[in-house]
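# Results of the structural survey
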Amino acid sequence: MTAPATPPRSGPAAASEPLAPPAWTVEDLESLVRTLPAVASARVLRDPEGKVREVHVLGTTELSPKQIVRNVESALLARFGLRLDHRAISVAQSATARTPEAPPAVAAAPAPTVVSAPAPGRGIYFEDVEVRRSRSAGLACTVTLRAGSETYSGEASGVETSRARGELAATATVRALAPLLADGVTLAFESCMTVNAADRDFAFVVVSGRSGRESTVLSGSCEVRDSLETAAVLAVLDATERWMERGGAR
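As the structure is a prediction and not an experimental result, all values here were calculated from the model.

The next point concerns the overall build of the protein chain. Of regular secondary structure, the protein chain possesses five helices and nine strands. When the helices and strands of the protein chain are placed in sequence order, the string is α-β-β-α-β-α-β-β-β-α-β-β-β-α. The 250 residues of the protein chain split such that 43% are buried. A sequence separation of at least 24 residues applies to 55% of the contacts in the protein chain between residues at least 6 apart.

As structure tokens, then:
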């Protein structure tokens, strides 16, 4: 068990900076934090004014407390625009803690058909990512996925920047997944950013899934090895895999 992080100082320096009015709830924040690597559970506390003052995390020993804190900071900023002082995040680790798994009732229930490919039971695989540059169109990215014997492609384009590379690849991946979603289910790109942990760079992606009135925040990550574009594609697949297996909704 590690000691919690240094408590936040009183005053404005330790306070979070949410938008006014905030477009999120405490449940939204806790749900996102629980999807991060090495996080078993999380609790968010607000002050009487509604500002986030403390985030308490129970983590596994897979990552260091400092790395977990950085991941929490990055995720809250990327998804909700919430800038939180790192001293407001405390992490306790336990060798017996476990990351959340799918509820048994959901796992035991018959899974709705989500993938329309003609080979049920097979997953969705990354096939290729193609990046094209031009002076007129800027940067264009095409992602090809495979499900069974079928391939599905998505494309996104925009101005070329270092950040846009990952964002366009993630957006193209979300568009390639669209034909594989069940009726009434949608998937939208939220953000993609590079996070450094354990002296390695990771693509960290946040997407949102909606089924009817139910909205779900999904996050995934992948180490940047071959290219940022490839890592962004794999991070989207990491974020959506379990959600799609459960039918695209909780």
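Val143, Leu145, Leu177, Leu187, Val205, Val207 and Trp243 are the most contacted members of the largest nonpolar core, which totals 36 residues. For this core, the elements supplying multiple residues, two or more each, are strand S5 (138-147), strand S6 (150-158), helix H4 (162-177), strand S7 (185-197), strand S8 (200-211), strand S9 (214-223) and helix H5 (228-245). Looking at which element gives the most residues to this core, the answer is H5, with ten residues. Among the nonpolar cores identified, the runner-up in size contains 29 residues, and Trp24, Val44, Phe80 and Val195 belong to it.

A few words on the packing of H4 against H5. The contact between H4 and H5 brings their axes to 8 Å, and the two run at 40°. When the axes of H4 and H5 are compared, the pair comes out oblique. In the packing of H4 onto H5, the handedness of the crossing is right-handed. On H5, the residues touching Ser162, Arg165, Gly166, Ala169, Ala170, Thr173, Val174 and Leu177 of H4 are Leu228, Glu229, Ala232, Val233, Val236, Leu237, Thr240 and Met244.

Sheet architecture is open: three strands sit in the order S1-S2-S3, paired in mixed fashion. The open sheet has two edge strands, strand S1 (39-46) and strand S3 (89-93), and neither has a second partner. Each strand of the sheet is rotated relative to its neighbour by a mean of 15°, with strand direction disregarded. This element, helix H1 (residues 26-34), spans S1 and strand S2 (52-59) of the sheet and lies at about 155° to S1. With respect to the sheet, helix H2 (residues 65-80) is in contact with S1, S2 and S3, its orientation differing from that of S3 by roughly 135°.

Moving on to the pattern of salt bridges. A full pass over the atoms with the stated rule returns eleven salt bridges. For Arg200, the salt bridge goes to Glu223, with nearest N and O atoms at 3.6 Å. Note that Arg200 is positioned in strand S8 and Glu223 in strand S9, a separation of 23 residues in sequence. Residue Arg200 is classed as partly exposed on the basis of its relative accessible area of 43%. Under the relative-accessibility criterion, Glu223 is labelled partly exposed at 22%. Counted as one network, the salt bridges with shared partners bring together Glu130, Arg132 and Glu155.

Given a rise of 1.5 Å per residue, 16 residues ought to cover 22 Å, and the 24 Å separating the end C-alpha atoms of H4 matches this to within 8%. If you check which residues of H4 are buried, you get Ala164, Gly166, Leu168, Ala169, Ala170, Thr171, Ala172, Thr173, Val174, Ala176 and Leu177. Looking at the packing, one finds that the buried side of H4 touches strand S4 (124-134), S5, S6, S7, S8 and H5.

Here the focus is the side chain of Thr60. Considering the arrangement of structural elements, one finds Thr60 in the loop between S2 and H2. Residue Thr60 is classed as buried on the basis of its relative accessible area of 6%. Within the local environment of Thr60, its side chain forms a polar contact with the backbone nitrogen of Glu62, the two atoms lying 3.4 Å apart.

What counts, and at which threshold
- Residues numbered from 1 in each chain as written.
- Predicted model: local features only at pLDDT ≥ 70, side-chain atom pairs only at ≥ 80, totals over all residues.
- Heavy atoms only, no water.
- Helix = DSSP H or I, 4+ residues; strand = E, 2+ residues; numbered from the N terminus.
- Buried < 20%, exposed > 50% of the residue type's maximum accessible area, 1.4 Å probe, protein only.
- Contact = heavy atoms within 4.5 Å.
- Core = buried A, V, L, I, M, F, W, Y, C linked by side-chain atoms within 4.5 Å.
- Axes fitted to C-alpha atoms, helices over the stretch in contact; angles between N-to-C directions.
- Parallel < 35°, antiparallel > 145°, perpendicular 65-115°, else oblique.
- Left-handed = near helix turned anticlockwise from the far one by under 90°.
- Pairing = 2+ DSSP bridges.
- Salt bridge = Lys/Arg side-chain N within 4 Å of Asp/Glu carboxyl O.
- Expected span 1.5 Å × (residues − 1).
- Polar contact = N/O pair within 3.5 Å; in protein donor to acceptor, adjacent residues only side chain to side chain.

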